[in-house]
Amino acid sequence: MLAALFSVDGTLMSVQEEKQRKLLRVRLEMAKFLQETLRESGLKANAHIVGSDAFKEFFRKVRSTGESPSSQDVINVARLFDDDLTLDNLSRPQLVSTCRYMAINAFGTDNFLRGNIRTRLLQLRRDDESIAREGIDELSTAELQAACQSRGIRTFGVSPARLREELAMWIDLHLHNRVSGVLLVLARAFQFDKKPGDDEDGKTAIIQSLEAVLCGLPDNLVR
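Counting its secondary structure elements, the protein chain contains 12 helices and 0 strands. Counting helices and strands in the order they occur from the N terminus, the protein chain gives α-α-α-α-α-α-α-α-α-α-α-α. Put simply, the protein chain has 223 residues, and 43% of those count as buried. Counting contacts in the protein chain only where the partners sit at least 6 residues apart, residues at least 24 apart contribute 68% of the total. With the model as given, the accessible surface of the protein chain reaches about 11600 Å², and the carbon-plus-sulfur share is 52%.

What follows is the structure, encoded as structure tokens:
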């Protein structure tokens, strides 16, 4: 009986690991596509964003002086791009890739896909609030991995300690700094092909990824 139970448990673990590997392969593929298309076409910004002081200061540094923008510079610009603006300006291939990256049904009209993404982001915000209220340390390892996976955070081969740091950074940016969930997902895609090291600064990594997404804005917008 014990051998049989052990055998069943082993099979279930193998199935779970295979699901994780499949998700990893899909996300690596979608991340590469999103990186390439965002670097080519960039995000679209409206007049309100382009005319803001935060926007001007950020692009003065990255396009004119070559300075490295501070973390706060990046956050100040990122929070200008709300979910609706960012989603409305993604192309259909980008919408499909974002859905597949987030493990969402990728079939339907553009508006249907946007609606699916908005629904998922609303669920994540509610989950963020719950986790922030109860504490990340209260999550089991399985709950921690599930929470990170649903946010597009790489979990395969990453330690629980590092995942707690990554989740804490997501919640801080999403809830407390009001950075768009869409931008955070795209930023995760920009760094998904790099396995984070336990001694690496998680905040620096995600800020650099946000900067990479924002730097894709077309030149004619920032002159």
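Peptide bonds are, in most cases, trans, and in most cases residues other than glycine have a negative phi. Although it is not a glycine, Ala103 adopts a positive phi angle of roughly 60°. The residue Ala103 is located in the loop between helix H6 (92-101) and helix H7 (110-134) in this model. In this structure, Arg178 is a non-glycine residue whose phi angle is positive, near 60°. Within the fold, Arg178 resides in the loop between helix H9 (160-176) and helix H10 (181-191).

Turning our eyes to something else, we now look at the confidence of the model for the protein chain. Chain-level statistics for the protein chain give a pLDDT mean of 83 and a share of 85% at 70 or above. No element of the protein chain has a lower mean pLDDT than helix H12 (residues 219-222), which averages 46, and none a higher one than H7, which averages 95. Every residue in residues 219-223 is under pLDDT 50, and counting partners more than four places away or in other chains gives 8 contacts.

As a further point, take the nonpolar core. Soluble globular proteins tend to pack their nonpolar side chains together in the buried interior. The biggest cluster of nonpolar side chains holds 59 residues, and the ones touching the most others in it are Phe81, Leu167, Leu183, Leu210 and Leu214. For this core, the element with the most residues is H10, which contributes 8 residues. If sequence neighbours within four positions are ignored, Leu183 has contacts with Leu43, Ala78, Phe81, Leu210, Val213 and Leu214.

Quick look at the environment of Leu122 now. Relative to the assigned elements, Leu122 resides in helix H7. By relative accessible area, Leu122 is classed as partly exposed at 42%. Placed 59 residues apart in sequence, Leu122 and Gly181 show a C-alpha to C-alpha distance of 9.0 Å.

Throughout the structure, instances matching the rule amount to 3 aromatic pairs. Aromatic pair Phe58 and Phe59: ring centres 4.8 Å apart, planes at 85°, arrangement edge-to-face. With respect to class, Phe58 is no different from Phe59; both count as buried. Here Tyr101 and Phe192 contribute two aromatic rings whose centre-to-centre distance is 5.6 Å and whose plane-to-plane angle is 80°, an arrangement assigned as edge-to-face. Of this pair, Tyr101 sits in helix H6 while Phe192 sits in the loop between H10 and helix H11 (202-214), and the two are 91 residues apart along the sequence.

Moving on to the packing of H6 against H7. At a closest axis distance of 10 Å, the pairing of H6 and H7 adopts a crossing angle of 35°. Considering the relative orientation of H6 and H7, their crossing is left-handed. Contact residues: H6 offers Arg92, Leu95, Val96, Thr98 and Cys99, while H7 offers Asp110, Leu113, Arg114 and Ile117. The residue inventory of the contact of H6 with H7, partitioned by class, reads 5 nonpolar, 1 polar and 3 charged.

Thresholds applied
- Residues numbered from 1 in each chain as written.
- Predicted model: local features only at pLDDT ≥ 70, side-chain atom pairs only at ≥ 80, totals over all residues.
- Heavy atoms only, no water.
- Helix = DSSP H or I, 4+ residues; strand = E, 2+ residues; numbered from the N terminus.
- Buried < 20%, exposed > 50% of the residue type's maximum accessible area, 1.4 Å probe, protein only.
- Contact = heavy atoms within 4.5 Å.
- Areas by Shrake-Rupley, 256 points an atom, 1.4 Å probe, with all protein chains shown as cover.
- pLDDT = per-residue confidence, 0-100.
- Core = buried A, V, L, I, M, F, W, Y, C linked by side-chain atoms within 4.5 Å.
- Phe/Tyr/Trp six-rings, centres within 6.5 Å; stacked < 30°, edge-to-face > 60°.
- Axes fitted to C-alpha atoms, helices over the stretch in contact; angles between N-to-C directions.
- Left-handed = near helix turned anticlockwise from the far one by under 90°.
- Nonpolar A, V, L, I, M, F, W, Y, C, P; charged D, E, K, R; others polar.

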